[in-house]
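# Working through the structure, step by step
The lines below spell out each chain.
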Amino acid sequence: MPVQLLKIGNRKSETLLPTHLQKEDLKHLQEGFDHTNKYFQGIVVLSYPLTKLGDGTDFFKVVLQGLDNLCSRTNSINILIHGKMAEDCAKVIRHGDTFIVAGYKLAKSPTAGLDGRHGCHLELSEEAGSAIYSVAPKYVYTPLNHLKDGTVVNLYGIVKFFKPPYVSKGTDYCSVVTLVDPSNVKLTCTLFNGNLDSLPKIYKVGDIVRFHRIKIKEYNGQMQGITGVGFASLTFDGTVGAPVVPRSSSKVYTFMDEEQKTIEELRVWAASNLSISGPAAKLSGVRPMLFFDLTCQLVGKAKVDGSSFLLKVWDGTKCPYPTWKVPVEARDLEGEKVVLHQLRNLTVDVLVYDNHVQLAKSLKIGSFLRIYSIHTKQASAVDEDVSHIEFHLHGGTCYGRGIGVLPESNLDVKELKAFLESVDLADSQNMESMSSVELDSTFNNVTGMYSLFSVCCYFAVLTDHQDLNNTELKTILNSTAPQQYRIRAKLRTYKPQKLYQSIKLYCSKCNSLQEVPDGDDFDFILQGSAVTAPNPELHNTSWYDSVMWTTQDQKQRKIAIHFVKHDEMLQQPEDTLLMIEGGTLKEVWKLTKRFKCVIPVRSTEDDLELLDPSAPFLLQGNIKYYGCKQCSTPKPIKSLSSIAAEQRPSWEPTEIAQVLGIVPLQYVFIMKFTLVDATGALNVYLFDYENFFQIPASEILTNNSLQQKMQMTMNMLCPPGRKLDDLPWLECFIKSYNVRDAMTHQVYYQIFDTTVAEGVV
DNA sequence: TTAGGATTTG
């Protein structure tokens, strides 16, 4: 049996001492007594190094002192541990810890005369059925505003700043960590250890740490933390609702309900009191002249010179600028040749300098890294017309500059891995994914634009009805509706010119169209609903768990989050639906980054309810889902529990809308195209969810690159500043239909079954 | 011992 951790106290999740065991006093540890169901408890006052006996078995000796008479030397007893148990015990035992031993054999101590300890010793081994329990000490944690010079304390803190471990100029690794806690006091800690694993495994600002036995010293008029004997740390993800799983710097640690509660409270405090930045930058989002943290996979590495080293990395997205390639000897480049070639358009070269070289050299190809504070530098080589972007990890550790290796269990790594597996490599090599800068420069340069069109042209392709022949526009204008046609025409102009204005919300039940509300409307509704405090009686039901806290600012706003459970368990954040009361727009937005679905709600006397019908009833990723005010008849929130009870709740917006009695509005593109051919001109409407542009209308408002893609498509269909003769041909299907009222009759035309695709002239 | 947060200038 390995050494078990035991907490003496009254909490339910503790490993309990078997009930048949009874405490034995030191004075009863005598030959002739029955020790079968007895245990002895004492404090470690001395331990000897682990050794091997003549027969090769491990042997470990500790001295335990009884609790009743702490001063007397005869109050201590030798404990001799053999075999596997000796090894286990040697790893965890620390001077001053309390241990319980049971199932021991008692024998006369041959050294009693010399060491003055108890006349008998206790022998333990796994084979003899012995057990050792380590009694978790009751730790006291000092708030950061109560630290005193020269003390050794235990503390919790939220990481406000950190330098990932780096090789110091001495013998150890060093990591600098600045913490903050609800007392709003900061503490910068300088942590040293020769073993990388013994330093806190901090991956991002906002992580929460628990430090044990950290030395407090005053330095430059401020308190400072520094590692000392027995320093140990645990690190946790700081996201509200994420699983509370400690990343440990030591093999054995205590972590129970009380600690879990502390972490959850700190997360909640941090969520409303600290501004922790949003999602990390991707290569597709980099701009010149900035510093950013990159989560990526290492594809290749090479020595460059004495003070710099090359890392070739990718994150599955394409940098929108031309990137530099650091020239290295082929024989110096480590990494799978085939992979390096396959990913050549997606990898970027990061040059690391000085103190980072040693760590960079030791990195394994394929490992997942977070490179902190990479500098993107704009530069141009003598023989290049356009500038390129360079990635540098400069020397030094300012601003946390450095490299961290992330384990595969890390949530960000899991997400990145899944994304990397989904990347279509063929896609990165064709023109469609030509970086936007390359395209921009093509468009800004007339010669370039024409040359692009001389080899390729964009036009609409027909997805069906291939049997239809082309009809001239004049013929269509002279025909009665309704009919369907295939046409070949040029796009002379279109409305709206500001493409984002083409997005509307459409109700398929009452056929109404409306503008997409802007963020301010939603913010206003959220502020209004925050006036009603969450009703605690509605918290923690059979199908959701609730947390509530009050902001520390003057408003003393109460926020409640209800995490919907599945099978009585909380799900992973990426699968979780949660409901929030009293949150601000920013807080709601932050939650959507981490959790699958967010539903803003407010309390009534007997159930939660949706906010005003003009607010989104659901947020998923970047998308806000709205319901039709006329057609919806909202049902109580508890109707959601029926989806939560499904075997695999998928949290589809349509399904959520249905159970909540909401008729969802759909995002659509509405545009007016003026088409011309040799015979006439025709105004045609585009009403489309996603087929025409191959872009979902729901995503375009929140996605810059999709907006760029749409603009590119329109520039292809209707190149600005071009004469009519030079416009590309567009083929599509249109249908005519009648709109009548008492006074008027009009024929309208609409594009259907048409998708924009690239075609060669 | 090391570093003690507060961007390199390749």
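Note on numbering: residues in each chain are counted from 1, in written sequence order. Throughout, the order in which chains and ligands are written sets their labels, letters from A for the former and numbers from 1 for the latter. This being a predicted model, a pLDDT of at least 70 is required before a residue's local features are given, and a value of 80 or more before pairs of side-chain atoms are given or counted; all residues contribute to the totals for chains, interfaces and linings. Excluding hydrogens and water, the side-chain values take into account all heavy atoms of the structure.

## Concerning the overall build of chain A
A tally of helices and strands in chain A yields 15 helices and 41 strands. Here chain A, with 761 residues, has 49% of them falling under the buried criterion. The Shrake-Rupley method, run with a 1.4 Å probe, gives the accessible areas here. Residue values count only the displayed protein chains as cover. In the form shown here, chain A has an accessible surface area of approximately 37800 Å², with 51% of it arising from carbon and sulfur atoms. Where helices and strands are cited, they refer to DSSP runs of H or I of at least four residues and of E of at least two residues respectively, numbered from the N terminus. Three exposure classes are used, based on accessible area relative to the maximum for each residue type with a 1.4 Å probe and protein chains only: buried under 20%, partly exposed in between, and exposed over 50%.

## Section: the side chain of Glu 24
With respect to the helices and strands, the residue Glu 24 is situated in the loop between β2 (22-23) and β3 (38-47). Here the positive residues are Lys and Arg and the negative ones are Asp and Glu; neither His nor the chain ends is included. Salt bridge, as used here, is a side-chain nitrogen of Lys or Arg placed within 4 Å of a carboxyl oxygen of Asp or Glu. Buried and unpaired, Glu 24 has Lys 38 as its nearest opposite-charge partner, separated by 4.2 Å. Any two residues having at least one pair of non-hydrogen atoms within 4.5 Å are treated as being in contact. Residue contacts for Glu 24: discarding those within four places in its chain leaves Leu 29, Asp 34, His 35, Lys 38, Tyr 39, Phe 40 and Tyr 104.

## Concerning helix α10 (residues 519-529)
In an α-helix, one turn spans 3.6 residues; hence positions three or four apart end up facing the same way. Of the positions making up α10, those classed as buried are Phe 522, Ile 525, Leu 526 and Ser 529. Looking straight down α10, one finds its buried side chains confined to an arc of 100°; they lie on one side. Of the exposed residues in α10, those oriented more than 90 degrees away from the buried face are Asp 520, Phe 524 and Gln 527. Packed against the buried residues of α10 are α11 (585-594), β33 (597-603), β35 (618-620) and β36 (623-625). By definition, the arc is the one covered by directions from the helix axis to the C-beta atoms.

## Some remarks on the protein's contact with DNA strand B
The rule for a residue being near a molecule or strand is that one of its heavy atoms must lie within 4 Å of it. Neighbouring DNA strand B are 30 residues; Lys 163, Gln 224, Ser 373, His 394 and Gly 395 lie closest to it. For DNA strand B, the fraction of atoms within 4 Å of the protein that belong to sugar or phosphate moieties is 38%. Contacts described as polar in this section are N or O atom pairs within 3.5 Å, which, within protein, must combine one atom able to donate a hydrogen with one able to accept it, while residues neighboring in sequence count only if both atoms come from side chains. One nitrogen or oxygen atom from the side chain of Asp 172 is found 2.9 Å from a base nitrogen belonging to DNA strand B. One of the backbone N or O atoms of Gly 395 is found 2.8 Å from a base oxygen in DNA strand B. Every element with two or more residues in the surface near DNA strand B is listed here: β13 (173-180), β14 (186-193), β16 (222-226) and β23 (368-379). In terms of residue count, the dominant contributor to the surface near DNA strand B is β14 (four residues). Residues are grouped as follows: nonpolar covers Ala, Val, Leu, Ile, Met, Phe, Trp, Tyr, Cys and Pro; charged covers Asp, Glu, Lys and Arg; every other residue, Gly included, is treated as polar. In the surface near DNA strand B, the residues fall into eleven nonpolar, twelve polar and seven charged.

## A few points about the pattern of salt bridges
Pairs may arise between side chains of opposite charge once their charged atoms sit close together. Under the defined criterion, the tally for this structure stands at 21 salt bridges. For the salt bridge of Asp 412 with Lys 204, the shortest nitrogen-to-oxygen distance reads 3.1 Å. Of the two residues, Asp 412 sits in helix α6 (residues 411-422) while Lys 204 sits in the loop between β14 and β15 (208-219), which places them 208 residues apart along the sequence. Here Asp 412 falls in the buried class, since its relative accessible area comes to 19%. Between Glu 265 and Lys 261 there is a salt bridge, and its shortest N-O distance comes to 3.6 Å. Pair noted here: Glu 265 and Lys 261 are both in helix α3 (residues 257-273), with a separation of four residues, about one helical turn. Given the relative accessible area of 52%, Lys 261 is considered exposed. One salt-bridge network, held together by shared partners, links Lys 204, Arg 370 and Asp 412.

Geometric values such as these leave the question of function open.
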